[in-house]
Amino acid sequence: QKEVEQDPGPLSVPEGAIVSLNCTYSNSAFQYFMWYRQYSRKGPELLMYTYSSGNKEDGRFTAQVDKSSKYISLFIRDSQPSDSATYLCAMNYGGSQGNLIFGKGTKLSVKP
Amino acid sequence: SAVISQKPSRDICQRGTSLTIQCQVDSQVTMMFWYRQQPGQSLTLIATANQGSEATYESGFVIDKFPISRPNLTFSTLTVSNMSPEDSSIYLCSVREGRAEAFFGQGTRLTVV
């Protein structure tokens, strides 16, 4: 079983839709949970990160962590064509030296 | 947040040759990280580069294949040696800030023919 599982998609939604992106993980020691957005031919950029369980909101983006289920989610409200990208979840044990473990990424396309 | 410049952005290389990728950060950082991103696969850490010491390689990656230099606190290079088509991938350098945040360069898209 891989440490982090993420459905690669592709996922196609109409503009304005609510998008739900998810990852599951196997290691209960993970403490930091991150979402990265990667546009084509660009490096990943950090969208949000959450420590331990709970929700975090930033504009149209909400990150949720359920440690009891080992499940994390990213919700995008009022999705825009500019949100079309690959979304990568990542997690680690904490600390600046902890290796980040990434999911494979979900490719999202928002159609106008 | 750190700004990372990486070059070349892409290259097409003959098998058996080597390519050196450069990574420049706009601030001093203790550790720099090199990742590989293969199609349909997760970002995989190749090695961690500390200034003034040997790089630390992850399982499956060796120094002879991926030698790394880290001459100062703002610069690092990764060399992909004796390339084969299986080395075709995107290579990314990264730095960390705080406990979790990682920042990436734009990547080097390598094709080996």
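This text goes with the structure placed above it.
First things first, this report covers the structure right here in the doc.

What counts, and where the lines are drawn
- Residues numbered from 1 in each chain as written.
- Chains lettered and ligands numbered in written order.
- Predicted model: local features only at pLDDT ≥ 70, side-chain atom pairs only at ≥ 80, totals over all residues.
- Heavy atoms only, no water.
- Helix = DSSP H or I, 4+ residues; strand = E, 2+ residues; numbered from the N terminus.
- Rg over C-alpha atoms; globule rule 2.2 N^0.38 Å.
- Buried < 20%, exposed > 50% of the residue type's maximum accessible area, 1.4 Å probe, protein only.
- Areas by Shrake-Rupley, 256 points an atom, 1.4 Å probe, with all protein chains shown as cover.
- Lys, Arg positive; Asp, Glu negative; His and termini not counted.
- Charge placed at Lys NZ, Arg CZ, Asp CG, Glu CD.
- Pairing = 2+ DSSP bridges.
- Axes fitted to C-alpha atoms, helices over the stretch in contact; angles between N-to-C directions.
- Contact = heavy atoms within 4.5 Å.
- Buried area = accessible area lost by both parts, 1.4 Å probe.
- Salt bridge = Lys/Arg side-chain N within 4 Å of Asp/Glu carboxyl O.
- Polar contact = N/O pair within 3.5 Å; in protein donor to acceptor, adjacent residues only side chain to side chain.
- Nonpolar A, V, L, I, M, F, W, Y, C, P; charged D, E, K, R; others polar.
- Disulfide = S-S within 2.5 Å.

Observations concerning the overall build of chain B
Counting secondary structure elements, chain B contains zero helices and eleven strands. Its C-alpha radius of gyration of 13 Å places chain B within 12% of the 13 Å reference for a compact globule of 113 residues. Each principal axis of the C-alpha atoms in chain B carries an extent, and together these give about 40 × 25 × 25 Å. When each of the 113 residues of chain B is scored for burial, the buried share is 50%. Looking at chain B as shown, the accessible area adds up to about 5,200 Å², and 47% of this sits on carbon and sulfur atoms. Chain B carries 9 positive and 9 negative side-chain charges, and their two centres are separated by 4 Å.

A few points about the sheet that holds strand 8 (residues 71-76) of chain A
Residues and elements named next belong to chain A. Taken together, the five strands give an open sheet; going across it, the order is 1-3-8-7-6, and neighbouring strands pair in antiparallel fashion. The outermost strands of the open sheet, each flanked by one partner alone, are strand 1 (4-6) and strand 6 (54-58). Between one strand axis and the next, the sheet turns by 15° as a mean value, whatever way the strands run. Summarising the sheet, strand 6 and strand 7 (residues 61-66) pair through five bridges and their orientation is antiparallel. Each residue of the ladder has a partner; that of Lys 56, found in strand 7, is Ala 63.

Observations regarding the interface of chain B and chain A
Put simply, an interface is often sized by how much accessible area is lost when its parts join up. With 22 residues of chain B at the interface, the matching set in chain A holds 21 residues. Overall, the association of chain B and chain A removes approximately 1,800 Å² of surface from exposure, summing both partners, and the carbon and sulfur fraction of that is 52%. Joining chain B to chain A, the criterion identifies zero salt bridges. Our count for the contact surface shared by chain B and chain A stands at four residue pairs in polar contact (both at pLDDT 80 or more). Among the elements of the structure, strand 4 (31-37), strand 5 (43-50), strand 9 (89-97) and strand 10 (101-104) of chain B are those that each provide at least two residues to the side of chain B that touches chain A. Considering each element in turn, the side of chain B that touches chain A owes the most residues, four residues, to strand 4 of chain B. Class assignment for the residues of the side of chain B that touches chain A results in nine nonpolar, seven polar and six charged.

A closer look at the state of the cysteines
All names here are of chain B. Taken as a whole and assessed by the stated rule, the structure comprises two disulfides over all chains. The disulfide bridge from Cys 23 ends at Cys 93, spanning 1.9 Å between sulfur atoms. An S-S torsion of about 70° defines the bridge between Cys 23 and Cys 93 as right-handed. Residue Cys 23 is located in strand 3 (residues 19-25), and its partner Cys 93 is located in strand 9; the two are separated by 70 residues in the primary sequence. The exposure classification of Cys 23 matches that of Cys 93, with both residues buried. Free cysteine Cys 13: the closest other cysteine sulfur is in Cys 93, separated by 17 Å. With a relative accessible area of 8%, Cys 13 lands in the buried category.

Digging into the sheet that holds strand 1 (residues 4-7) of chain B
All names here are of chain B. Strand order in the open sheet formed by four strands is 1-3-8-7, and the pairing between neighbours is antiparallel. Only two strands of the sheet have a single neighbouring strand rather than two, namely strand 1 and strand 7 (68-72). Between one strand axis and the next, the sheet turns through 15° on average, direction left out of account. Where strand 7 and strand 8 (residues 75-80) come together, three bridges link them in antiparallel fashion. Bridging from a neighbouring strand, Asn 72 pairs with Phe 75 of strand 8.

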